[in-house]
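# Observations on the model geometry
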Amino acid sequence: MLQRIQRRDAELEQRVVERTTELSVSLDEKVILLKEVHHRVKNNLQIIASLLSLQSNQIEDDETLALFANSENRVRAMAAIHERLYLSDDLAKIDFPGYVEGLVENLFGSYSIDTQHVRLTTDIADVSLDLDQAIPCGLMLNELVSNSLKYAFPDGRRGELHIQLSQSVSGYRLEVRDDGIGFPAGIDF
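One structure accompanies this document, and this report is about it. (Residues numbered from 1 in each chain as written. Predicted model: local features only at pLDDT ≥ 70, side-chain atom pairs only at ≥ 80, totals over all residues. Heavy atoms only, no water.)

## Comments concerning the overall build of the protein
Scanning the protein from N- to C-terminus turns up 4 helices and 5 strands. Along the protein, helices (α) and strands (β) appear in the sequence α-α-β-α-β-β-α-β-β when read from the amino end. Against the globule reference of 16 Å for 189 residues, the protein gives a C-alpha radius of gyration of 24 Å, more extended than a compact globule. A burial count over the protein gives 28% of its 189 residues as buried. Roughly 12700 Å² of accessible area belongs to the protein as shown, and the carbon and sulfur atoms make up 53% of that amount. Taken together, the 19 basic and 31 acidic charged side chains of the protein have centroids lying 8 Å from each other. (Helix = DSSP H or I, 4+ residues; strand = E, 2+ residues; numbered from the N terminus. Rg over C-alpha atoms; globule rule 2.2 N^0.38 Å. Buried < 20%, exposed > 50% of the residue type's maximum accessible area, 1.4 Å probe, protein only. Areas by Shrake-Rupley, 256 points an atom, 1.4 Å probe, with all protein chains shown as cover. Lys, Arg positive; Asp, Glu negative; His and termini not counted. Charge placed at Lys NZ, Arg CZ, Asp CG, Glu CD.)

## What to know about the sheet that holds strand E5 (residues 171-178)
Ordered by their spatial adjacency, 3 strands build an open sheet running E2-E4-E5, and the pairing between neighbours is mixed. Here the strands that pair on one side only, and so sit at the sheet edges, are strand E2 (118-124) and E5. Between one strand axis and the next, the sheet turns through 10° on average, direction left out of account. One ladder, built from 8 bridges, connects strand E4 (residues 159-168) with E5; its direction is antiparallel. Bridged to Gln-164 within E5 is Glu-175. Along the sheet face, helix H3 (residues 96-110) touches E2 and E4 and points at about 165° away from the line of E2. Across the sheet, helix H4 (residues 131-151) lies against E2, E4 and E5, angled at about 15° from E5, the strand it touches most. (Pairing = 2+ DSSP bridges. Axes fitted to C-alpha atoms, helices over the stretch in contact; angles between N-to-C directions. Contact = heavy atoms within 4.5 Å.)

## Topic: unusual backbone geometry
Positive phi is not limited to glycine here, since Ser-112 has a value of about 50°. Along the chain, Ser-112 falls in the loop between H3 and E2. Classification of Ser-112 as exposed rests on a relative accessible area of 65%. Although it is not a glycine, Asp-155 adopts a positive phi angle of roughly 55°.

## Some points on the packing of helix H2 (residues 62-87) against H3
At a minimum axis separation of 10 Å, H2 and H3 run at an interaxial angle of 150°. In terms of orientation, H2 and H3 fall into the roughly antiparallel class. Seen from above, H2 lies across H3 with right-handed handedness. Within the contact between the two elements, H2 uses Asn-73, Arg-76, Ala-77, Ala-80, Ile-81 and Arg-84 and H3 uses Gly-98, Tyr-99, Leu-103, Asn-106, Leu-107 and Ser-110. Grouping the constituent residues of the contact of H2 with H3 by class yields 6 nonpolar, 4 polar and 2 charged. (Parallel < 35°, antiparallel > 145°, perpendicular 65-115°, else oblique. Left-handed = near helix turned anticlockwise from the far one by under 90°. Nonpolar A, V, L, I, M, F, W, Y, C, P; charged D, E, K, R; others polar.)

## Remarks on the environment of Ala-77
With respect to the helices, strands and loops of the structure, Ala-77 is situated in helix H2. Classification of Ala-77 by relative accessible area gives buried; the value is 1%. The sequence separation of Ala-77 and Gly-138 amounts to 61 residues, and the corresponding C-alpha distance is 6.4 Å. Setting aside its immediate chain neighbours within four residues, Ala-77 contacts Tyr-99, Leu-103, Gly-138 and Asn-142.

Put into structure tokens, the structure is as follows:
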């Protein structure tokens with residue numbers, strides 16, 4: 001009787017080991033697949049951004065050219081999120097401080113902003129956002145920083161751009177401010 005129980009326990013233990021191995025292999029396959037999906041999404045978004053850039057080379061109207069540049073920056077902002085996901089060990093969360101750094105660096109380059117003229121300061125909490133939080137937050141940050149770089153520092157004006165992201169019990173707070181020229185007098189919001 002004791003031998004039967006020991007054999008049954010050994011068989012159960014062997015099944016648990018086999019099933020655990022199967023689950024581990026399955027999980028590894030899913031992680032690889034998910035990384036590949038994020039990689040392909042990023043590549044497709046980069047292709048769209050490149051097509052917008054190529055098309056903009058044929059545009060002579062400054063207003064239309066600015067629209068294409070804005071669209072290209074938005075697409076690149078989303079592509080960067082997918083890039084961070086597939087390079088990350090945690091496929092569910094994005095290291096947002098690193099993302100902000102890369103996004104802002106790209107925008108400074110896109111608008112040909114001299115970092116000697118516009119100084120960037122950041123105070124970004126060490127937070128990790130999921131995809132549903134990161135994309136809208138990244139797009140808002142893209143818009144706010146773009147507007148600041150386009151309008152706050154005309155004619156080589158010097159200044160500072162400050163970005164802050166903090167976390168509270170109720171959520172996150174994103175703040176983008178500059179010491180540029182401000183809004184025109186008499187603007188009706």
